[in-house]
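Architecture at a glance
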Amino acid sequence: MQHRRLRLIKTTIIVIAIGAVVGCASAPPLTPIADPEQRLQFNGFSVLSPNGKYQNWVGRDGQDAAHLLNATFVKRPPQTTPNTYIAMVEIINAQGGKFATSERLHNYVKNLQIMQAAPRQQIVKSAFAIDDALGPLYVRFDLEATDPSVPGWSESTFNVDVRGYQYVHFRAADFLVTIAYSRRTLQGNSPLGGNDEGEWFLNNLQLTDVQRK
């Protein structure tokens, strides 16, 4: 049970953490999105990338993504910037059936470690809401925080905002879905993109059958 819980926490942490590695020598490969209206197919879901310029899928050009249970997108303009804009989807086998009610899932999401204060996360505000309009077992989360310890920017503070959903995969009830986008912005700067880009991403996820190994 503890192992599964750690994997769920990691799911949400990646929304912020991947921003720290983009642009360094060990950064993952990025494939530019040529058409934001072209649906991308993965294992258990298909999705449109966030709209707007300079979007990239974290993966190699020509890679077969049909077996992947996750997808991450990074907005990376040609000019160097410490700001990040990340969007991700992941589904994992987390015995989603144990979240028999929206209230249980709501309580679970609210108490995830990533939603709590930490040395690199000073909570400004957070909100968690059951969203029955989208379907059963949906929880919307919104988090605003500050990060005073971005590597290489020790004298600066960044604003971080994360928005997304966590819910039970309606075509595979033992799988839990996380979809979210996150912006990390140096205080005094404008974000790399608007919330409309991320909301487009959240609203264009379609679930499909999960191909189990």
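Presented here is a report on the structure given in the accompanying data block. Nothing here was measured: the structure is a model prediction, and the numbers come from that model.

Counting secondary structure elements, the chain contains three helices and eleven strands. Walking the chain from its N terminus toward its C terminus, one meets helices and strands in the order α-β-β-β-β-β-β-α-β-β-β-β-α-β. In the chain, which comprises 213 residues, the proportion classed as buried is 47%. Sequence-distant contacts in the chain: of pairs separated by 6 or more residues, those separated by 24 or more amount to 64%. Entry remark: accessible area of the chain is about 10,800 Å², with carbon and sulfur atoms responsible for 50%.

Next up on the list: the pairing of strand S10 (residues 175-186). Judged by how many residues are buried, S10 sits mostly within the fold: twelve of twelve residues are covered. Neither face of S10 is exposed, since Phe175, Val177, Ile179, Tyr181, Arg183 and Thr185 on one face and Leu176, Thr178, Ala180, Ser182, Arg184 and Leu186 on the opposite face are all buried. Bridge analysis of strand S6 (residues 84-93) against S10 gives ten bridges, and the strand direction is antiparallel. Considered in S10, the bridge of Asn93 is made with Phe175. In this structure, strand S9 (residues 158-168) lies alongside S10, joined through eleven bridges in antiparallel fashion.

Burial runs high along strand S5 (residues 70-75): five of the six residues are buried. Where strand S4 (residues 55-58) and S5 come together, three bridges link them in antiparallel fashion. Considered in S5, the bridge of Gln55 is made with Lys75.

If you look at the biggest cluster of nonpolar residues, it comprises 25 residues, and the most contacted ones within it are Phe42, Phe45, Val47, Tyr167, Ile179, Phe201 and Leu205. For Ile179, the residues in contact, after removing those within four places along its chain, are Met88, Val89, Phe141, Arg163, Gly164, Tyr165, Tyr167, Phe201, Leu202 and Leu205. Formed by 18 residues, the second largest nonpolar core is a distinct cluster that contains Tyr108, Leu112, Val162 and Val168.

The strand order across the open sheet formed by eight strands is S1-S4-S5-S6-S10-S9-S8-S7, and the pairing between neighbours is antiparallel. One side of each edge strand has no neighbouring strand; the edge strands of this open sheet are strand S1 (30-32) and strand S7 (122-130). The sheet shows a mean angle of 20° between the axes of neighbouring strands, direction not considered. Sheet analysis places S1 next to S4, joined by three bridges and oriented antiparallel. Looking at the pairing, Leu30 lines up with Val58 of S4. In this fold helix H2 (residues 102-110) packs onto S7, strand S8 (138-147), S9 and S10, with an angle of close to 170° to the strand it touches most, S7. Packing against the sheet, helix H3 (residues 195-203) makes contact with S4, S5, S6, S8, S9 and S10, and its axis sits at approximately 170° to S10.

The next thing to look at is H2. Here H2 has its buried residues at Ser102, Leu105, His106, Tyr108 and Val109. Looking down the long axis of H2, one finds its buried residues gathered within 165° of arc, a one-sided arrangement. In this structure, H2 carries Glu103 and Arg104 as exposed residues pointing more than 90 degrees from its buried face.

Ordered by their spatial adjacency, three strands build an open sheet running S2-S3-S11, and the pairing between neighbours is antiparallel. The open sheet has two free edges, formed respectively by strand S2 (40-42) and strand S11 (205-207), since each of these has just one partner strand. Within the sheet, the average angular offset between the axes of one strand and its neighbour, ignoring direction, is 20°. Pairing analysis gives three bridges linking S2 to strand S3 (residues 45-47), with the strands arranged antiparallel. Counterpart to Phe42 in the pairing with S3 is Phe45.

The backbone phi angle of Tyr54 is positive, close to 65°, even though this residue is not glycine. Here Tyr54 lies in the loop between S3 and S4.

Conventions and cut-offs
Residues numbered from 1 in each chain as written. Predicted model: local features only at pLDDT ≥ 70, side-chain atom pairs only at ≥ 80, totals over all residues. Heavy atoms only, no water. Helix = DSSP H or I, 4+ residues; strand = E, 2+ residues; numbered from the N terminus. Buried < 20%, exposed > 50% of the residue type's maximum accessible area, 1.4 Å probe, protein only. Contact = heavy atoms within 4.5 Å. Areas by Shrake-Rupley, 256 points an atom, 1.4 Å probe, with all protein chains shown as cover. Pairing = 2+ DSSP bridges. Core = buried A, V, L, I, M, F, W, Y, C linked by side-chain atoms within 4.5 Å. Axes fitted to C-alpha atoms, helices over the stretch in contact; angles between N-to-C directions. Arc of directions from axis to C-beta.

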